[in-house]
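# Coordinate inspection notes
If you want the building blocks of each chain, they are given just below.
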Amino acid sequence: MLLSWPSDLQWLPVYRGGIVQYDSLTDANGSRNIVGDSANSSGYIFNDGSYFYFRIRLDDSPAGRGGQGLLQSFGWGMVLDTNLNAINYEWLVMVDGIAKDEAILLEQNTIQGSVNDPGDKAEITVYSVPVSGNYRILAADTSFNGSQDYFLDWRFPYDIFKFYTQLSDNSPLRIFGGASSNAQSLSESGGDTLGASDLLSGFSRKFELFFLIFS
Ligand SMILES: [Ca+2]
Ligand SMILES: [Ca+2]
Ligand SMILES: [Ca+2]
Ligand SMILES: [Ca+2]
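Because the structure is predicted, anything quoted here is derived from the model rather than measured. (Residues numbered from 1 in each chain as written. Chains lettered and ligands numbered in written order. Predicted model: local features only at pLDDT ≥ 70, side-chain atom pairs only at ≥ 80, totals over all residues.)

## Some details on the overall build of the protein chain
Of regular secondary structure, the protein chain possesses two helices and 14 strands. Taking 17 Å as the expected radius of gyration for a compact globule of 215 residues, we find that the protein chain reaches 15 Å, a close match to that expectation. For the protein chain, the C-alpha atoms occupy an extent of roughly 40 × 35 × 35 Å along the three principal directions. Buried positions account for 43% of the 215 residues belonging to the protein chain. Partitioning the contacts of the protein chain with sequence separation of at least 6, the portion at a separation of at least 24 is 62%. (Helix = DSSP H or I, 4+ residues; strand = E, 2+ residues; numbered from the N terminus. Rg over C-alpha atoms; globule rule 2.2 N^0.38 Å. Buried ≥ 20, exposed ≤ 12 C-beta atoms within 10 Å, placed from the backbone. Contact = placed C-beta atoms within 7 Å.)

## Thoughts on unusual backbone geometry
Most peptide bonds are trans, and most residues other than glycine sit at a negative phi. One non-glycine residue, Asn 145, adopts positive backbone phi at about 60°. Topologically, Asn 145 is positioned in the loop between strand 10 (135–139) and strand 11 (150–157). Among the residues examined, Asn 145 registers 15 C-beta atoms within 10 Å and is labelled partly exposed.

## Quick notes on the sheet that holds strand 5 (residues 51–58)
Spatial ordering of the open sheet is given by 1-4-5-11-10, a layout of five strands whose pairing is antiparallel. At either end of the open sheet lies a strand with only one pairing partner, and these are strand 1 (12–13) and strand 10. Where strand 5 lies against strand 11, eight bridges are found, and the strand directions are antiparallel. Bridged to Arg 57 within strand 11 is Phe 151. Packing against the sheet, helix 1 (residues 158–165) makes contact with strand 4 (43–47), strand 5 and strand 11, and its axis sits at approximately 65° to strand 11. (Pairing = 2+ DSSP bridges. Axes fitted to C-alpha atoms, helices over the stretch in contact; angles between N-to-C directions.)

## A look at the nonpolar core
Residues Val 93, Val 95, Ile 104 and Leu 152 are the most contacted members of the largest nonpolar core, which totals 47 residues. Counting only elements with at least two residues in this core, the list comes to strand 5, strand 6 (75–81), strand 7 (91–96), strand 8 (103–108), strand 11 and strand 12 (172–180). By residue number, the principal contributor to this core is strand 5, which donates six residues. Residue contacts for Val 93: discarding those within four places in its chain leaves Phe 54, Gly 77, Met 78, Ile 104, Leu 106 and Phe 156. (Core = buried A, V, L, I, M, F, W, Y, C linked by C-beta atoms within 7 Å.)

## Some thoughts on the pairing of strand 5
Two faces, one strand: in a regular strand the side chains alternate between the faces of the sheet. Most of strand 5 sits inside the fold, with eight of its eight residues counted as buried. Burial along strand 5 is two-sided: Tyr 51, Tyr 53, Arg 55 and Arg 57 facing one way and Phe 52, Phe 54, Ile 56 and Leu 58 facing the other are all buried. Judged from the five bridges that link them, strand 4 and strand 5 form a sheet pairing that is antiparallel. The residue bridging Asn 47 from the neighbouring strand is Phe 52, located in strand 5. If you look at the hairpin formed by strand 4 and strand 5, you'll find three residues sitting between the two strands, and Gly 49 has a positive phi there, around 90°.

## Some details on the environment of Thr 165
Relative to the assigned elements, Thr 165 resides in helix 1. With 19 C-beta atoms counted inside 10 Å, the residue Thr 165 sits in the partly exposed group. With 74 residues separating them in the primary sequence, Thr 165 and Trp 91 have C-alpha atoms 7.9 Å apart. Apart from the residues within four sequence positions on either side, Thr 165 is in contact with Thr 82 and Trp 91.

## Regarding the environment of Arg 32
Note on placement: Arg 32 falls in the loop between strand 3 (19–20) and strand 4. Distance from Arg 32 to Ser 132, taken between C-alpha atoms, is 20 Å for residues 100 residues apart in sequence. Discounting residues that sit within four places of it in the chain, Arg 32 has contacts with Phe 74, Ala 179, Gly 191 and Asp 192.

## So, the environment of Gly 195
One can find Gly 195 in the loop between strand 13 (192–193) and helix 2 (199–202). Distance in space between the C-alpha atoms of Gly 195 and Gln 68 is 31 Å, their sequence separation being 127 residues. Every residue in contact with Gly 195, bar those within four places of it in the chain, is listed here: Arg 16, Gln 21, Tyr 22, Asp 23, Ser 42 and Gly 202.

Encoded structure:
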């Protein structure tokens, strides 16, 4: 069955402290610059029971000739706080435009190396799906910095996500988006992080995995 992507109205903006999360327009460049404002969130999620969907708003198109030629040679992803201690992250869902076979990776941060740092590298890739068929690049409804912005959308199979993370539909979690010069972590250095530089300041409000109810 060919499942459709969420419509623009279905995507849920990522919230923190009662407002949508958005990132500075001037702290990074090109397709690694996450952009937005208070009316145009920089990050979105959705879950239809088959896939967990992710969307970030970028200053320029991420299309390019990295890896197999789909994306530029960078990473884009979201780290997840699933043990509800926001000073570390447990999982990273990463779009890898660098590898020869471009992929969307579910990575586990098994060693909490540097506290409160999205740049702490995830140690283990537990599963991956091809970028092809599981991503979209769409012109966004904004043009920050005088250039058309783009959404990078990606998705990961929900049953596989639950299997490896051992989360259930009702599990609460937090997320924090970013871009990277590698495929194992997110960082302001060489990349961009969404709304803040550290985990405590950057994680969204808690929400339930399937029902996407922000508490
Ligand atoms: Ca930015
Ligand atoms: Ca732009
Ligand atoms: Ca944590
Ligand atoms: Ca680590």
